[in-house]
Amino acid sequence: MTDPHEEFSWLSKFGPFYDVSCVSFVRSLSPVEALTRLGAEASGIEEATFEELQERTMKCIDSDDRMHTGYVGALETDGWTVLIQLWAGSIAVARPLLRRLSQATEVVSINRNIHATDFFVYAADGELVTWFDLLGPYARTGSDPDRFVDLMREVGLDPDLDPDLDLEGDLEDSDLGTEFPHSFALARKITGFPFSQDMLDMRLLGAVINSR
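The following refers to the structure shown. From a predicted model like this one, the values you see are computed outputs, not experimental measurements.

### Overview of the sheet that holds strand 8 (residues 204-210)
Right, on to step 1. Pairing is antiparallel in the open sheet, where eight strands are placed in the order 2-8-3-4-1-5-6-7. Of all strands in the sheet, those with a lone pairing partner are strand 2 (46-48) and strand 7 (127-133), marking the two edges. Sheet twist, expressed as the average angle between the axes of neighbouring strands with direction ignored, equals 25°.
Right, on to step 2. Both strand 2 and strand 8 contribute to a ladder of three bridges, which runs antiparallel.

See the structure below:
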């Protein structure tokens, strides 16, 4: 039987996502609505290829206002808008952004930062419901931290894993290092569709957002 995370193994080999990134899924909002909630100016929303998304992201990072702005690409599929941040992860870690984005809907967000620490976030109706570090998913927080415990087990994320107590076992685990693709397998269970590399060939909408 194929492991649920194997279809997402490309994310661990594709630099723009594996280095530092944030991929978020927001239900029932169009790309324009989602970007606007994140502080984008309607006049600043523009079409972009994935390559252009990378170029504009780097320009934003190099700007003097990089601490307060970010660049986000957005595309719509199967009733969800996918938001892509490269070399940044403000949606998952900035509570005001997450609160605005999830009002009257739900958001799944997966963040990977420069220290290879990966977070899984689920918010609904402006409230943080479930949050956990993929390396220590036992320490979940939120208004309903155990909501996805059964789904976590289905995709190979042990909800009881405490690396400080089970270090030796983890070192012998053949799945060590697959937490990042496992998180996308969990997102698929929640959203109903996979985040595939083919989606990067689609035209996106992109915009500068307020990252606070």
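Next comes the rest of the account.
### Considering the pattern of salt bridges
Right, on to step 1. Evaluated as defined, the whole model comprises eleven salt bridges.
Right, on to step 2. Between D146 and R140 there is a salt bridge; the shortest N-O distance is 2.7 Å.
Right, on to step 3. Judged by its relative accessible area of 18%, R140 is buried.
Right, on to step 4. One salt-bridge network, in which partners are shared between bridges, spans E46, E52 and R56.

### Describing helix 3 (residues 50-62)
Right, on to step 1. For helix 3, spanning 13 residues, the distance from its first C-alpha to its last is 19 Å, which sits close to the expected 18 Å at 1.5 Å a residue.
Right, on to step 2. Regarding helix 3, the residues found buried are F50, L53, T57 and C60. One face of helix 3 carries all of its buried residues, which in axial projection span an arc of 70°. Across helix 3 from its buried face, at more than 90 degrees, point the exposed residues K59 and D62.
Right, on to step 3. On its buried side, helix 3 packs onto helix 1 (15-18), strand 2, strand 3 (69-77), strand 4 (80-86) and strand 8.

Criteria and thresholds
- Residues numbered from 1 in each chain as written.
- Predicted model: local features only at pLDDT ≥ 70, side-chain atom pairs only at ≥ 80, totals over all residues.
- Heavy atoms only, no water.
- Pairing = 2+ DSSP bridges.
- Helix = DSSP H or I, 4+ residues; strand = E, 2+ residues; numbered from the N terminus.
- Axes fitted to C-alpha atoms, helices over the stretch in contact; angles between N-to-C directions.
- Salt bridge = Lys/Arg side-chain N within 4 Å of Asp/Glu carboxyl O.
- Buried < 20%, exposed > 50% of the residue type's maximum accessible area, 1.4 Å probe, protein only.
- Expected span 1.5 Å × (residues − 1).
- Arc of directions from axis to C-beta.
- Contact = heavy atoms within 4.5 Å.

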